[in-house]
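This is what each chain is made of:
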Amino acid sequence: MARGELSFSQVRALTRVATAETEGDLVALARGCTTAQLERVVRASRRGSRRDGADADRERRERRVLSVFPDEDGMYAMRGVLPPEVGALLMRAIEAASDVLYRQDRASAASGAPTRTPAQRRADALALLMERAMEAGFAEDTCPGGAVSGTRAARYQVVLHVDADTLAEPGDPGRSELEDGTRVSAETSRRVACDAALVRVTQRPDGSALDIGRRTRTIPPALRRALHVRDQGCRFPGCGSRFTDAHHVRHWADGGETSLSNTVLLCGHHHTLVHEGGWTVRWDGDGRPVFLDSRGGEHYDARPAPPELGIDPVRALVAEHARRGVTPDWRTAGARWKREEDIPAAIYFRGMEAAG
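Everything numeric here is computed off the predicted structure, so don't read it as measured data.

1. Examining the packing of aromatic side chains
Move 1: Scanning the entire structure with this criterion turns up two aromatic pairs.
Move 2: Ring centres of Phe236 and Trp279 lie 5.3 Å apart, and the angle between their planes is 55°; on these two criteria the pair is classed as tilted. Here Phe236, found in the loop between helix H10 (221–231) and strand E9 (244–248), pairs with Trp279, found in the loop between helix H11 (268–275) and strand E11 (280–283); they are 43 residues apart in sequence, far enough to count as distant.
Move 3: A residue is classified by how much of its surface remains accessible, and Trp279, at 5% relative accessible area, is buried.
Move 4: Among the aromatic residues, those joined into a ring-pair cluster are Phe236, Trp279 and Phe291.

Take a look at the structure:
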């Protein structure tokens, strides 16, 4: 390593398995392969040196553990050790969800939306998996005490405490925190409150509850069905994801109506982009959503209403061409220049030589 023949990562991998007898062979192997290949060899060597059988499997399974805890910045950190088959299942599930998010990112990148890094996509993929699991519930065969759904599922929901003034004025330093005391930004509270179950609590000056209202939805079921029929997925240009939140164009805390004309479906990523990312949404004259980025650029929804076609659309197209004096033929879509005449000879012959 001092001579630069091996990297630090390669040496670190070798120290996990090297002995006085095998060090020479391992160093020779490391000189001729990449760090990733060496890591695979080391893992295989370590697996081969472990005890096999039911007792060894049982001991490894007893070591399984998972911890999720808030850090000093209010983010949540995860640390754990999973059995091989459970870890592989988690990886496959995250890969499947990440693939969906990757296609969304590619489709919406043309609109100028910032794309996520692979690590960020994996974090969002885990959130997507958790949302789908809570929505589907858990069947009787996996939950002997009864399915976790309906009112029982409410015990497992995320609870956010936020003052009414904080929702109406995002800069207000009032209460905006999770049930365990972890503080979140007021704009995050506004995003969550766009589409959530809501319980209004009136408090006395000393903080005790004076009145607790009924639990209601900020988006009623009938409105959600209408949104799914109209939008058919996230309306951000190029996205179209079916896993969506209903976004209030003018927030209900600011006096906006909870109506079809004031709501639009957005996936979790683009809903966050609109609230915390500085983007805004408005309607154009044709009832299409227009997304404006933080620099003021406009990005229209990628799915305009299809034109109405008559009984014979081809005849109508030919008639419109005749009205405009347009006579398209087989050469219309081709280039008008000729390579030999319009390209300098030196450039043309160099291109021919490069082409073989």
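Back to the write-up after that little detour.
2. Observations concerning unusual backbone geometry
Move 1: Even without being a glycine, Gln232 presents a positive backbone phi close to 55°.
Move 2: Examined against the element boundaries, Gln232 turns out to sit in the loop between H10 and E9.
Move 3: Residue classification places Gln232 among the partly exposed positions, given a relative accessible area of 47%.

3. Observations concerning the confidence of the model for the chain
Move 1: Here the chain shows a mean pLDDT of 77. Residues at 70 or above account for 77%.
Move 2: Confidence drops under pLDDT 50 across residues 346–356; counting only partners more than four residues distant or on other chains, this segment forms three contacts.

4. Some words on helix H5 (residues 84–108)
Working note: α-helix, 3.6 residues per turn, so residues spaced by three or four point in the same direction.
Move 1: Taking 1.5 Å as the rise per residue, H5 with 25 residues should run 36 Å; its terminal C-alpha atoms sit 36 Å apart, in good agreement.
Move 2: Restricting attention to buried positions, one finds in H5 the residues Gly87, Ile94, Ala97, Ser98, Leu101, Gln104, Asp105 and Ser108.

5. Considerations on the pattern of salt bridges
Move 1: Taken as a whole and assessed by the stated rule, the structure comprises 18 salt bridges.
Move 2: We note a salt bridge from Glu187 to Arg190, for which the minimum N-O separation is 3.7 Å. Here Arg190 and Glu187 lie together in helix H9 (residues 186–194), a separation of three residues that amounts to about one turn.
Move 3: On the accessibility criterion, Arg190 (9% relative accessible area) is buried.
Move 4: Across the pair Arg315 and Asp312 runs a salt bridge, and its minimum N-O distance is 3.3 Å.
Move 5: Of the residues examined, Arg315 reaches a relative accessible area of 61% and is grouped as exposed.
Move 6: Look at Asp312 and you get partly exposed, because its relative accessible area is 38%.
Move 7: It is possible to trace a salt-bridge network through shared partners that takes in Asp105, Arg116, Arg121 and Asp124.

6. A closer look at the environment of Ser108
Move 1: Structurally, Ser108 can be placed in helix H5.
Move 2: A C-alpha to C-alpha distance of 5.8 Å links Ser108 and Pro237, two positions 129 residues apart in sequence.
Move 3: Setting aside residues no more than four positions away along its own chain, Ser108 makes contact with Ala113, Phe236, Pro237, Gly238 and His270.

7. Quick look at a nonpolar patch on the surface
Move 1: A cluster of nonpolar side chains, contributed by Leu66, Val68, Tyr76, Met78, Leu82, Val86 and Leu90, occupies part of the molecular surface with about 610 Å² of accessible area.
Move 2: Secondary-structure elements contributing two or more residues to the nonpolar patch are strand E1 (65–70), strand E2 (76–81) and H5.
Move 3: By the element assignment, Val86 lies in helix H5.
Move 4: By relative accessible area, which is 33% here, Val86 ends up partly exposed.

8. Structural notes on the packing of H9 against H11
Move 1: One can describe the packing of H9 onto H11 by two numbers: an axis separation of 9 Å at closest approach and a directional angle of 135°. Here H9 is positioned oblique relative to H11, judged by the angle of their axes. The two elements H9 and H11 cross, and the hand of that crossing is right-handed. Seen from H9, the contacting residues are Glu187, Arg190, Arg191 and Cys194; seen from H11, they are His271, Thr272 and His275.

9. Points about the nonpolar core
Move 1: Residues Ala113, Cys234, Phe236, Cys239, Val264, Leu266, Cys267, Leu273, Val274, Trp279, Val281 and Phe291 constitute the largest nonpolar core, which totals 12 residues.
Move 2: No other element matches the three residues that strand E10 (residues 263–267) contributes to this core.
Move 3: Of all hydrophobic cores here, the second largest spans nine residues; its members include Leu6, Leu14, Leu26 and Ala30.

10. With respect to the side chain of His275
Move 1: When you line up the elements, His275 lands in helix H11.
Move 2: Polar side-chain contacts of His275 include one of 3.3 Å to the side chain of His247.
Move 3: Residues in contact with His275, not counting those within four places in the same chain, are Glu187, Arg190, Arg191, Cys194, His247 and His251.

11. What about the pairing of E2?
Move 1: Judged from the six bridges that link them, E1 and E2 form a sheet pairing that is antiparallel. Counterpart to Pro70 in the pairing with E2 is Tyr76.
Move 2: Taken together, E1 and the strand that follows it, E2, pair antiparallel across an intervening segment of five residues, in which Gly74 is found at a positive phi of about 85°.

What counts, and at which threshold
- Residue numbers here run from 1 along each chain, matching the order of that chain's written sequence.
- In keeping with the model being predicted, local features are shown solely for residues with a pLDDT of at least 70 and side-chain atom pairs are shown and tallied solely at 80 or more, while totals for entire chains, interfaces and linings include all residues.
- Think of the side-chain values as coming from all heavy atoms in the structure, minus any hydrogens and water.
- The aromatic pairing rule takes the rings of Phe, Tyr and Trp, using the six-membered ring of Trp, and pairs them if the centres are within 6.5 Å, calling planes under 30 degrees apart stacked, those over 60 edge-to-face and the rest tilted.
- Runs of H or I in DSSP of at least four residues are treated as helices and runs of E of at least two as strands, each being numbered from the N terminus.
- Residue exposure (1.4 Å probe, protein chains only): buried if accessible area is under 20% of the type maximum, exposed if over 50%, otherwise partly exposed.
- One confidence number per residue, pLDDT, is output by the predictor and ranges from 0 to 100.
- A contact between two residues is defined here by any heavy atoms of the two lying within 4.5 Å.
- Expected helix span is taken as 1.5 Å per residue step, with the number of steps being one fewer than the number of residues.
- Whenever a carboxyl oxygen of Asp or Glu lies within 4 Å of a side-chain nitrogen of Lys or Arg, that contact is scored as a salt bridge.
- Only residues whose relative accessible area exceeds 30% and that form no salt bridge enter a patch; like-charged residues are grouped when within 9 Å of one another, and nonpolar side chains (Val, Leu, Ile, Met, Phe, Trp, Tyr) when within 5 Å.
- Note that accessible areas follow from Shrake-Rupley with a 1.4 Å probe, and for residues the cover is restricted to the protein chains shown.
- In this analysis an axis means a line fitted to C-alpha atoms, helices contributing only their contacting stretch, and an angle means the value between N-to-C directions, from 0 to 180 degrees.
- Here the word oblique covers every angle except those under 35 degrees (roughly parallel), over 145 (roughly antiparallel) and from 65 to 115 (roughly perpendicular).
- By definition, any crossing whose near helix is turned counterclockwise from its far helix by less than a right angle is left-handed, and any crossing with a clockwise turn is right-handed.
- What is meant by a nonpolar core is a set of buried Ala, Val, Leu, Ile, Met, Phe, Trp, Tyr and Cys residues, joined one to another through side-chain atoms within 4.5 Å.
- The definition of a polar contact used here is a pair of N or O atoms within 3.5 Å, where within protein one atom must be able to donate a hydrogen and the other to accept one, and adjacent residues in sequence count solely through side-chain atom pairs.
- Only strands that DSSP links by at least two bridges are regarded as paired with each other.

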